[in-house]
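Each chain, letter by letter, is given below.
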Amino acid sequence: MAEQIVIRNGTVVNAWARALADVVLADGRIRAVVEPGTGPGGPGVTEIDATGRFVLPGGVDPHCHVGFTSGAFTSMDNYRQATEAAVFGGTTTIVDFAIPRPGEVPLDVARIQQAKAAEGICDAALHACVVEWNDTVPGQLRELVDMGIVTVKMFTTYRGESMASDEAIFKVMRELRDLGGMAVVHCEANHIIEEQQDRCAESGHIAAEFHTETRPPIAETAAVATTIAMAESLGAPLYLVHQSTVECLTLAAEARRRGVTVFSESVAHHLILDDSLYDGPHPERYVCCPPLRSRAEVDELSTGVWDGSISTIGSDHCCYNTEQKLSTRHDVRAMPNGLPGVEMRMPVIFSEFVVGRGLPLERFVELCCATPARVNGLWPRKGVIQPGADGDVVIWDPHQTRVVHSEELHMATDYTPYEGRTVTGWPEVVIVNGRVLVDHGTLVHDGTPGRALPAAPLKFLTGRVAPLVAPL
Ligand code: URP
Ligand code: ZN
Ligand code: ZN
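Computed from a prediction, not measured in an experiment: that's the story for all the values here. (Residues numbered from 1 in each chain as written. Chains lettered and ligands numbered in written order. Predicted model: local features only at pLDDT ≥ 70, side-chain atom pairs only at ≥ 80, totals over all residues. Heavy atoms only, no water.)

Student: Got a minute to help me understand the coordination of the zinc ion (ligand 3) in this structure?
Tutor: By definition of the ideal shapes, a tetrahedral metal site with four donors has angles of 109.5 degrees and an octahedral site with six donors has angles of 90 or 180 degrees. Bound to the zinc ion (ligand 3) on the protein side are His63 (NE2), His65 (NE2) and Asp316 (OD), at distances that span 2.0 to 2.1 Å. Separating the zinc ion (ligand 3) from the zinc ion (ligand 2) is a distance of 3.7 Å. Like His65, His63 is buried. (Donors = N, O, S within 2.8 Å, 3.2 Å for Na, K, Ca; no water. Buried < 20%, exposed > 50% of the residue type's maximum accessible area, 1.4 Å probe, protein only.)

Written out as structure tokens, the structure is:
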């Protein structure tokens, strides 16, 4: 009989329910979820006592840039480093991006990036990215879907890097609709941002401490409205990344009520941190797009965690280091954007919302595990504890309290945006594909590589995923 792991007496939490149970893992999968104390024992069975712990599906981070090149900078990590950091934080699947540099072909870039998944220690899926429309794009999209890449990111900003025209976004969205794919769009209207950046530069407000002035909320609102209108007119699904204002969440929620299939992602730093950090000693460390917003905005955005208007919580992980950030801090237009976050996504959201504000655990799992899996074509393989799913399980200690220090984390950078923050709740044991990878803070990787996960074509009935009452 193959070696089994039995997790005993924990509280198993899925997006729709929780129950005391034993979870049986074998051959890389979840084999059974049975009454507490009734899981098998004896030779060949590794028993883990989860009494007083939550047994959660491994986290799925729907927005994670690994070794990301933008402008003059490449973020510091590779797949090994990014996935190691992910699993230490309870995330067992990442969804990375294959973003072409100017002149590169999206399909080629996706093939290269997909091959890197084997350098990781947990599984990874991929969003492709289209920057320019041309006659080869429809064929490339078909091949991408055949390769198991069904989501395609497009940017309404970053001129000269990855910005796509509205026309390109519209045409890609139309093709994807017919292929079972979905456009994933970064919404900030570039014309508004460039005008604002020019004004800021003229008045000497272009350094990192003025970042928030250079990218106003109205730029995000404008692009969200335009992009939703495209999806609505095409009857195409849409995933809006890193929504940072309640006004944008509301536009998406209203579209859902009209029957548009639109998902709203928010990322951990927009839900927790605010723009007062730009007045602190290290404003450059917090330069990301969209910028951190005001405390009032953060509080309003957080309502979406409860009311269902936020569909997923990602990290938007970009592993730049302080030296990279400092080198151009005098001009945000040249800075590397993005914050390192894959490791702390689950702990900070658990601590802030579940422990701090009473968010139901099921909703935490829905936001951080189940819906990210579902909208990325990975359901019911990932994001759920049930027989047949991959053996990705996190044993979560809800009482462990820690002070976050970057030197104790595993990301390939020298800072965390959460430095000095006290968090309660921590992943104690992390199991990936049926093998224990993190055991009370120690990596026990046996050399088994991560896999490139093929996403299944998407079949959405509505844009509102919750409540998730049964496997699809
Ligand atoms: O600031 C950010 N978010 N950088 C990463 C690229 C992107 O826009 O997602
Ligand atoms: Zn983005
Ligand atoms: Zn991003």
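The structure having been displayed, the exposition proceeds.
Student: Please clarify how unusual backbone geometry should be interpreted in this entry.
Tutor: Backbone geometry follows two general trends: most residues other than glycine have a negative phi, and most peptide bonds adopt the trans configuration. A cis geometry characterises the amide bond from Cys289 onward to Pro290, with omega recorded as -10 degrees. With respect to the element layout, Pro290 can be found in the loop between helix H9 (268-272) and helix H10 (295-307). Cis peptide bonds are those with omega within 30 degrees of zero, and the linkage from Trp379 to Pro380 qualifies with 5 degrees. Looking at where Pro380 falls in the secondary structure, it is placed in the loop between helix H13 (361-375) and strand S16 (393-403). (Helix = DSSP H or I, 4+ residues; strand = E, 2+ residues; numbered from the N terminus.)

Student: Is there a simple way to think about the packing of helix H2 (residues 106-115) against helix H3 (residues 137-146) in this case?
Tutor: Helices that pack against each other are described as a pair by the angle of their axes relative to one another and the distance between those axes. Packing of H2 against H3 brings their axes to within 9 Å, and their N-to-C directions diverge by 20 degrees. When the axes of H2 and H3 are compared, the pair comes out roughly parallel. Here H2 runs over H3; the crossing is left-handed. Of the residues in H3, those in contact with Pro106, Leu107, Ala110 and Arg111 of H2 are Gln140, Glu143 and Leu144. (Axes fitted to C-alpha atoms, helices over the stretch in contact; angles between N-to-C directions. Parallel < 35°, antiparallel > 145°, perpendicular 65-115°, else oblique. Left-handed = near helix turned anticlockwise from the far one by under 90°. Contact = heavy atoms within 4.5 Å.)

Student: Can you walk me through helix H8 (residues 246-257) in this structure?
Tutor: In an α-helix, one full turn covers 3.6 residues, which means residues spaced three or four apart are oriented alike. Given a rise of 1.5 Å per residue, twelve residues ought to cover 16 Å, and the 16 Å separating the end C-alpha atoms of H8 matches this to within 8%. Restricting attention to buried positions, one finds in H8 the residues Val246, Cys248, Leu249, Ala252, Ala253, Ala255 and Arg256. In this structure, the buried side of H8 is in contact with helix H7 (217-234), strand S13 (238-240), strand S14 (262-267) and H10. Of the residues trailing H8, Gly259 is marked for its positive phi of about 100 degrees. (Expected span 1.5 Å × (residues − 1).)

Student: So what exactly am I meant to see when it comes to the pairing of strand S18 (residues 435-439) here?
Tutor: On a regular strand, each side chain points to the face opposite its neighbour's, so the side chains alternate between the two faces of the sheet. Here four bridges tie strand S17 (residues 422-432) to S18, and the two strands are oriented antiparallel to one another. Looking across to S18, one finds that Ile431 is bridged to Val436. Counting the residues between successive antiparallel strands, the hairpin from S17 to S18 contains two residues, one of them, Asn433, with a positive phi of roughly 50 degrees. Relative to strand S19 (residues 442-443), S18 runs antiparallel, the two being bridged by two bridges. Counterpart to Val438 in the pairing with S19 is Leu443. Counted along the chain from S18 to the antiparallel partner S19, the turn is two residues long, and its residue His440 has a positive phi close to 50 degrees. (Pairing = 2+ DSSP bridges.)

Student: Just to check I follow, could you spell out the side chain of Thr322 for this structure?
Tutor: Mapped onto the elements of the fold, Thr322 is located in helix H11 (residues 322-327). Judged by relative accessible area, Thr322 falls into the buried class, the value being 8%. Among the polar contacts listed, one links the side chain of Thr322 to the side chain of Arg285, at a separation of 3.4 Å. Within the structure, Thr322 has its side chain in polar contact with the side chain of Asp414 (distance 2.9 Å). If we skip the residues at most four places from it in the chain, Thr322 touches Glu284, Arg285, Asp414 and Tyr415. (Polar contact = N/O pair within 3.5 Å; in protein donor to acceptor, adjacent residues only side chain to side chain.)

Student: What is the right way to read the site of ligand 1 from this model?
Tutor: Near ligand 1 lie 14 residues; those nearest to it are Tyr158, His186, Cys289, Asp316 and Asn337. Contact between ligand 1 and Lys153: an oxygen atom at 3.4 Å from a side-chain N or O atom of the residue. In this structure, an oxygen atom belonging to ligand 1 sits 2.9 Å away from a side-chain N or O atom of His186. Coverage of ligand 1 by the protein amounts to 99% of the 260 Å² it exposes when considered alone. Its residues assigned to classes, the shell around ligand 1 shows six nonpolar, six polar and two charged. (Near = heavy atom within 4 Å. Areas by Shrake-Rupley, 256 points an atom, 1.4 Å probe, with all protein chains shown as cover. Nonpolar A, V, L, I, M, F, W, Y, C, P; charged D, E, K, R; others polar.)

Student: I'm lost on the nonpolar core in this one. Help?
Tutor: For soluble globular proteins, the rule of thumb is that nonpolar side chains tend to be buried together. Ranked by size, the top nonpolar core spans 140 residues in total, and within it Ile7, Met173, Leu271, Ile349, Phe364 and Ile431 carry the most contacts. It is H13 that contributes the most residues to this core, nine residues altogether. Filtering out sequence-adjacent residues up to four positions away, Phe364 remains in contact with Leu56, Met346, Ile349, Phe350, Val354, Leu359 and Cys369. In this structure, Phe68, Cys129, Phe155 and Tyr158 belong to the second largest nonpolar core, which totals eleven residues. (Core = buried A, V, L, I, M, F, W, Y, C linked by side-chain atoms within 4.5 Å.)

Student: Sorry if this is basic, but what is going on with helix H1 (residues 79-88) here?
Tutor: Counting buried positions along H1 yields eight of ten residues, so the element is predominantly enclosed. Those residues of H1 lying buried are Tyr79, Ala82, Thr83, Glu84, Ala85, Ala86, Val87 and Phe88. Packing partners of the buried residues in H1 comprise strand S9 (91-97), H2, strand S10 (123-129), S17, S18 and S19. For H1, the N-terminal cap is Asn78; the gap from its side-chain oxygen to the backbone nitrogen of Arg80 is 3.1 Å. Gly90, located one to two residues past H1, shows a positive phi value of around 90 degrees.

Student: What am I meant to see in the environment of Thr226 here?
Tutor: Among the structural elements, Thr226 can be located in helix H7. In this structure the C-alpha to C-alpha distance between Thr226 and Thr328, which are 102 residues apart in sequence, comes to 32 Å.

Student: Where do I start with the pattern of salt bridges in this structure?
Tutor: Enumeration over the complete set of coordinates arrives at 33 salt bridges. Arg293 serves as the salt-bridge partner of Glu220, at 2.9 Å between the closest nitrogen and oxygen. You can see Glu220 sitting in helix H7 and its partner Arg293 sitting in the loop between H9 and H10, a full 73 residues away along the chain. For Arg293, a relative accessible area of 4% gives the class buried. Between Arg421 and Glu352 there is a salt bridge whose closest N-O contact spans 3.7 Å. Here Arg421, found in the loop between S16 and S17, pairs with Glu352, found in helix H12 (residues 345-357); they are 69 residues apart in sequence, far enough to count as distant. We classify Arg421 as partly exposed; its relative accessible area is 28%. (Salt bridge = Lys/Arg side-chain N within 4 Å of Asp/Glu carboxyl O.)

Student: Help me understand the state of the cysteines in this model?
Tutor: Working definition: the covalent bond between the sulfur atoms of two cysteines is a disulfide. Applying the stated criterion across every chain yields a total of zero disulfides. Summary of cysteine pairing: Cys368 is not part of a disulfide, and the nearest cysteine sulfur, belonging to Cys369, is at 5.9 Å. On the basis of relative accessibility, which here comes to 0%, the residue Cys369 falls in the buried class. (Disulfide = S-S within 2.5 Å.)

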